[in-house]
Amino acid sequence: MTSSDPTDDGHLTGLRLDAAALKTLAHPLRSRLLSALRVGGPATATDLAAALGTNSGATSYHLRRLEAVGLVADTGDGEGKRRLWRAATESHQWEPSDFAGDDDAESALGWLQRDYSRHLGERYERWLDVESTWPVDWRDAMGMDDSWVVATPDQARALRQELDDVVARYRRVGQGNPSARRVAVYAVMYPVDLDRAPRGGEQR
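Because the structure is predicted, anything quoted here is derived from the model rather than measured.

Enquirer: How do you make sense of the nonpolar core when you look at a structure like this?
Expert: Judged by nonpolar contacts, the single largest core of 24 residues is most densely connected at Leu17, Leu22, Leu25, Leu37, Leu63 and Val72. Every element with two or more residues in this core is listed here: helix H1 (19-25), helix H2 (28-40), helix H3 (45-52), helix H4 (56-68), strand E4 (84-87) and helix H5 (103-130). The residues contacting leucine 37, other than those within four sequence positions of it, are Pro42, Ala43, Leu48, Leu63, Val72, Trp85, Arg86 and Ala87.

Enquirer: How should I be thinking about the environment of glycine 70 in this particular structure?
Expert: Its place among the elements puts glycine 70 in the loop between H4 and strand E3 (72-74). With 36 residues separating them along the chain, glycine 70 and glutamate 106 place their C-alpha atoms 20 Å apart. Excluding residues within four positions of it along the chain, glycine 70 makes contact with Leu15 and Ala88.

Enquirer: How should I be thinking about H3 in this particular structure?
Expert: Two residues of an α-helix separated by three or four positions point the same way, owing to the 3.6 residues in each turn. Taken together, the buried positions of H3 are occupied by Ala45, Leu48 and Ala49. For H3, the angular spread of buried residues about the axis comes to 100 degrees, placing them on one side. Exposed residues pointing more than 90 degrees away from the buried face of H3 are listed as Ala50 and Ala51. The elements touched by buried residues of H3 are H2, strand E2 (43-44), H4 and E4. With its phi angle positive at about 70 degrees, glycine 53 sits one or two positions after the end of H3.

Enquirer: So what exactly am I meant to see when it comes to the sheet that holds E2 here?
Expert: Remark on secondary structure: sheet strands pair via backbone hydrogen bonds, oriented parallel or antiparallel. Read from one edge of the open sheet, three strands run E2-E4-E3, paired in antiparallel fashion. Each of the sheet's edge strands pairs with one partner strand only, and the pair in question is E2 and E3. Summarising the sheet, E3 and E4 pair through three bridges and their orientation is antiparallel. Note that in E4 the partner of alanine 73 across the bridge is arginine 86. Across the sheet, H4 is in contact with E3 and E4; its angle to E3 comes to roughly 105 degrees.

Enquirer: So what exactly am I meant to see when it comes to the environment of tryptophan 111 here?
Expert: Positionally, tryptophan 111 belongs in helix H5. Along the backbone, tryptophan 111 and aspartate 137 are 26 residues apart, and their C-alpha atoms lie at a distance of 37 Å. When sequence neighbours within four positions are dropped, the list of residues in contact with tryptophan 111 reads Leu25, Ala26, His27, Pro28 and Arg118.

Enquirer: Would you take a moment to explain the environment of tryptophan 94 for this structure?
Expert: Relative to the helices and strands, tryptophan 94 resides in the loop between strand E5 (91-93) and H5. Tryptophan 94 sits 71 residues away from aspartate 165 along the chain, and the two C-alpha atoms are 17 Å apart. Setting aside residues no more than four positions away along its own chain, tryptophan 94 makes contact with Arg16, Leu17, Phe99, Leu109, Leu112, Gln113 and Tyr116.

Enquirer: Could you clarify how one ought to interpret the packing of H2 against H4 in this entry?
Expert: When two helices pack together, you describe them by how their axes are tilted relative to each other and by the distance separating the axes. Axis separation between H2 and H4 bottoms out at 10 Å; the angle between their running directions is 80 degrees. By the angle between their directions, the pair H2 and H4 is classed as roughly perpendicular. Within the contact between the two elements, H2 uses Leu29, Arg30, Leu33, Leu34 and Leu37 and H4 uses Ala58, Thr59, Tyr61, His62, Leu63, Arg65 and Leu66. Across the contact of H2 with H4, the residue classes tally to eight nonpolar, two polar and two charged.

Rules used throughout
- Residues numbered from 1 in each chain as written.
- Predicted model: local features only at pLDDT ≥ 70, side-chain atom pairs only at ≥ 80, totals over all residues.
- Heavy atoms only, no water.
- Core = buried A, V, L, I, M, F, W, Y, C linked by side-chain atoms within 4.5 Å.
- Buried < 20%, exposed > 50% of the residue type's maximum accessible area, 1.4 Å probe, protein only.
- Helix = DSSP H or I, 4+ residues; strand = E, 2+ residues; numbered from the N terminus.
- Contact = heavy atoms within 4.5 Å.
- Arc of directions from axis to C-beta.
- Pairing = 2+ DSSP bridges.
- Axes fitted to C-alpha atoms, helices over the stretch in contact; angles between N-to-C directions.
- Parallel < 35°, antiparallel > 145°, perpendicular 65-115°, else oblique.
- Nonpolar A, V, L, I, M, F, W, Y, C, P; charged D, E, K, R; others polar.

Here's what the structure looks like:
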């Protein structure tokens, strides 16, 4: 799918990243541009440059690079040379196995995942900075949880799918309610016993 509108069933429109799209996205400004368009909606290069503290020439160049791999698109609603850009999809996905054996793609994936991790921390700290100004029912509803399970790779994959299904059910449950706000939901899974990598299994 290339539309940024939700599907009829309310699920996210998504793009499975190939190596070219991954390598294109693994760039500090491009990653921010895509995020800004997904969160804030359509914008011009000038608007995005002002929001991200860069110049419109560089922004236009990087938007075209993202367009070439299907991550952003021209809405066709801009005036003159002021193109109005939108995110082409609401999400993107990948599996590490998609890039096994491609050293450049694996390096790009490592950078992108670390970049997302840094910005998760930054965004959550921004919430903590203003949390005290929000109503207490919102403060009680938000938060961070951590736990651990004992599972095989297949069982962990099933857990991820169930979590995705729960989020999908709540995707637009508050649509039209003036009390509703957008809420970011992150799910992060990683092994606890990092010094006990399993033997066997699929290796590069």
